[in-house]
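# Coordinate inspection notes
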Amino acid sequence: MQAEQLKDLVISALEDVKAQDVSVIDVRDRTSVTDYMVLASGTSNRHLKSLADSVIVEAKEQGVRASNVEGSHVSDWILVDLGDVVVHVMMPATREFYDLERLWRDAPDLGVAGSE
């Protein structure tokens, strides 16, 4: 699966479980680690877990396995590494504190739908 298709799949999986404030950052020209970072907020730790699980299940159904999942046990920040796409689901306060969008501010922000 191409990175662009995987990004769209992740966005869809997050939206299916009512993710809030979904943001996509194109980091292809900034790092060799991944192509896209997708950030989303949830309303509770249980909601974060549901968001991450939705991404993992949808990716797995398309033949993409998460190479790593961090923070899935009662955490304010869960990271799902799908290779070409890294997904960060966070509680709003944690997201504001770490402010990954500011950290990657020079990278193109593709918005929710992934179009510039």
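What this report covers is the structure whose coordinates are included nearby. (Residues numbered from 1 in each chain as written. Predicted model: local features only at pLDDT ≥ 70, side-chain atom pairs only at ≥ 80, totals over all residues. Heavy atoms only, no water.)

## A look at the nonpolar core
Convention followed: We define a nonpolar core as any set of buried Ala, Val, Leu, Ile, Met, Phe, Trp, Tyr and Cys residues linked to one another through side-chain atoms lying within 4.5 Å. A simple rule labels every residue: compare its accessible area, found with a 1.4 Å probe on the protein chains alone, to the largest value its type can have, and call it buried under 20%, exposed over 50%, or partly exposed in between. Strands here are runs of E lasting at least two residues and helices are runs of H or I lasting at least four, both read from the DSSP assignment and numbered beginning at the N terminus. Any two residues whose heavy atoms approach within 4.5 Å at even a single point are treated as in contact.
Membership of the largest hydrophobic core comes to 26 residues, with the highest contact counts inside it found for Val10, Leu14, Val55, Leu82, Val87 and Val89. Within the residue set of this core, elements represented by two or more residues are helix H1 (3-16), strand E1 (20-26), strand E2 (36-41), helix H2 (45-61), strand E4 (77-81) and strand E5 (85-90). Ranked by residue count, the leading element in this core is H1, at 7 residues. Once residues within four sequence positions are removed from consideration, valine 10 is found in contact with Val38, Val55, Leu82, Val85 and Val87. Counting residues in each nonpolar core, the second largest holds 6 residues, with Ile25, Val27, Met90 and Leu100 among its members.

## A look at the pattern of salt bridges
What counts is decided by this rule: Think of a salt bridge as a Lys or Arg side-chain nitrogen and an Asp or Glu carboxyl oxygen that are within 4 Å of each other.
This model, assessed by the stated rule, comprises 7 salt bridges. A salt bridge links aspartate 21 to arginine 95; the nearest nitrogen and oxygen atoms lie 3.7 Å apart. Taken as a pair, aspartate 21 in strand E1 and arginine 95 in helix H3 (residues 92-98) lie far apart in primary sequence, 74 residues in all. On the basis of relative accessibility, which here comes to 55%, the residue aspartate 21 falls in the exposed class. On the accessibility criterion, arginine 95 (5% relative accessible area) is buried.

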